[in-house]
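Take a look at the letters that make up each chain.
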Amino acid sequence: EHQAISEMRKSEERLGLALKAANMGTWEWDLTSGELIWSKELKRIFGLRPSDEITYEKYLGLLHPDDRSFVQHTIEKALKDGKPYTLEDRVIWPDGSVHWLQRHGQAILKDGKAIRMVGISMNIDKRKRSEIALQESEQRFRTMADTAPVFIWLSDTKNLGTYFNKPWLDFTGRSLDQELGIGWTESVHPDDLKRAATY
């Protein structure tokens with residue numbers, strides 16, 4: 001029995017290290033007592049101290065105001081149907097900094113009523129900041145391309161059109177949807193098509 005307890009502690013330590021390395025934390029909500037249990041890693045991910053007490057109301061207060069209603073709606077739905085959910089939303093740390101989290105959770109139902117909810121949360125700041133930077137970069141490119149006094153187009157490796165700037169569309173009098181793929185070839189004179197397209 002002593003060896004089994006020792007192995008269980010080692011297993012818990014390994015799980016704790018893996019969660020810390022993955023920047024993840026676990027949580028469990030006992031809906032009959034209202035007790036909300038967060039791992040130390042989860043508290044760290046929310047900018048809290050390990051000794052900080054957490055309640056559902058305090059948790060809601062940590063959510064970014066723009067995301068709060070969506071998160072609450074998702075949780076309420078999961079409490080009714082017991083289906084797993086995934087969320088990406090922002091939290092505000094006590095120091096005022098904003099952080100992106102991805103969460104997975106599921107309610108445990110008994111006789112059709114939620115008695116418990118469990119899940120994991122992970123910090124995804126780096127990925128979200130990269131996505132936002134890429135979106136901003138794409139927007140800057142499109143703004144520049146649409147105001148440049150030249151025709152700009154992009155294609156994939158099969159020579160299928162994926163982007164045409166505003167001057168191109170204005171010149172051809174066609175919409176972006178009409179030009180995408182091989183649609184752009186409809187505006188090319190048949191004598192020039194062989195030279196223009198190698199698809």
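Residues numbered from 1 in each chain as written. Predicted model: local features only at pLDDT ≥ 70, side-chain atom pairs only at ≥ 80, totals over all residues. Heavy atoms only, no water.

**Some details on the pattern of salt bridges**
Line of reasoning, step 1. Under the definition given, this model contains 14 salt bridges.
Line of reasoning, step 2. One salt bridge connects Glu41 with Arg44, and the closest N-O pair in it is separated by 2.7 Å. With a gap of 3 residues between them, Glu41 and Arg44 both fall in helix α2 (residues 40-45), about one helical turn apart.
Line of reasoning, step 3. In this structure Arg44 comes out as partly exposed when scored by relative accessible area, which is 37%. (Salt bridge = Lys/Arg side-chain N within 4 Å of Asp/Glu carboxyl O. Helix = DSSP H or I, 4+ residues; strand = E, 2+ residues; numbered from the N terminus. Buried < 20%, exposed > 50% of the residue type's maximum accessible area, 1.4 Å probe, protein only.)

**As for the sheet that holds strand β4 (residues 98-110)**
Line of reasoning, step 1. Reading across from one edge, β2-β1-β5-β4-β3 is the order of the 5 strands in this open sheet, with antiparallel pairing throughout. Of all the strands in the sheet, the pair left with one neighbour each is β2 (36-38) and β3 (85-92). Each strand of the sheet is rotated relative to its neighbour by a mean of 25°, with strand direction disregarded.
Line of reasoning, step 2. Pairing of strand β1 (residues 24-30) with β2 involves 3 bridges; the strand directions are antiparallel. Each residue of the ladder has a partner; that of Glu28, found in β2, is Ile37.
Line of reasoning, step 3. Each of β1, β3, β4 and β5 (113-123) is contacted by helix α4 (residues 65-81), which is oriented at about 150° to β3, the strand it contacts most. (Pairing = 2+ DSSP bridges. Axes fitted to C-alpha atoms, helices over the stretch in contact; angles between N-to-C directions. Contact = heavy atoms within 4.5 Å.)

**Things to note about the packing of aromatic side chains**
Line of reasoning, step 1. Here the structure, examined in full by the defined rule, presents 9 aromatic pairs.
Line of reasoning, step 2. Geometrically, the ring pair formed by Phe141 and Tyr163 is tilted, given 5.6 Å between the ring centres and 55° between the ring planes. Placement of the pair is Phe141 in helix α5 (residues 125-147) and Tyr163 in strand β7 (residues 161-164), with a sequence separation of 22 residues.
Line of reasoning, step 3. Between Phe164 and Trp168 the ring centres are 4.9 Å apart and the planes differ by 50°, which places this aromatic pair in the tilted class. For the pair Phe164 and Trp168, one class covers both residues: buried. (Phe/Tyr/Trp six-rings, centres within 6.5 Å; stacked < 30°, edge-to-face > 60°.)

**Brief notes about the nonpolar core**
Line of reasoning, step 1. In this structure, Trp38, Phe46, Tyr59, Ile75 and Met117 are the most contacted members of the largest nonpolar core, which totals 24 residues.
Line of reasoning, step 2. Secondary-structure elements contributing two or more residues to this core are β1, β2, α2, α3 (56-62), α4, β3, β4 and β5.
Line of reasoning, step 3. A total of 4 residues in this core trace back to one element, the largest contributor, which is α3.
Line of reasoning, step 4. When near neighbours in sequence (up to four residues on either side) are disregarded, Met117 contacts Trp27, Glu28, Trp29, Leu31, Ile75, Ala78, Leu79, Tyr85, Gln106 and Ala107. (Core = buried A, V, L, I, M, F, W, Y, C linked by side-chain atoms within 4.5 Å.)

**Thoughts on empty space enclosed by the protein**
Line of reasoning, step 1. Inspection of the entire model under this criterion finds 1 cavity of 30 Å³ or more.
Line of reasoning, step 2. There is about 150 Å³ of room inside the largest cavity.
Line of reasoning, step 3. Lining the largest cavity are 15 residues, and of these Trp27, Tyr59, Ile75, Tyr85 and Arg103 lie nearest its centre.
Line of reasoning, step 4. Elements that contribute at least two residues to the lining of the largest cavity include exactly β1, β2, α3, α4, β3 and β5.
Line of reasoning, step 5. In terms of residue class, the lining of the largest cavity is made up of 13 nonpolar, 1 polar and 1 charged. (1 Å grid on protein atoms, 1.4 Å probe; cavity = no way out; pocket = protein on both sides within 12 Å on 5 of 7 lines; lining within 4 Å. Points joined across faces, edges and corners; volume = space filled by probe spheres on them. Nonpolar A, V, L, I, M, F, W, Y, C, P; charged D, E, K, R; others polar.)

**A few points about the pairing of β5**
Line of reasoning, step 1. Pairing of β1 with β5 involves 7 bridges; the strand directions are antiparallel. Residue pairing for β5: Trp27 is matched across the bridge by Gly119.
Line of reasoning, step 2. Sheet topology note: the β4/β5 ladder contains 10 bridges and is antiparallel. Across the sheet, Gly105 pairs through a bridge with Gly119, a residue of β5.
Line of reasoning, step 3. Two successive antiparallel strands, β4 and β5, enclose a turn made up of 2 residues, where Asp111 displays a positive phi of approximately 55°.

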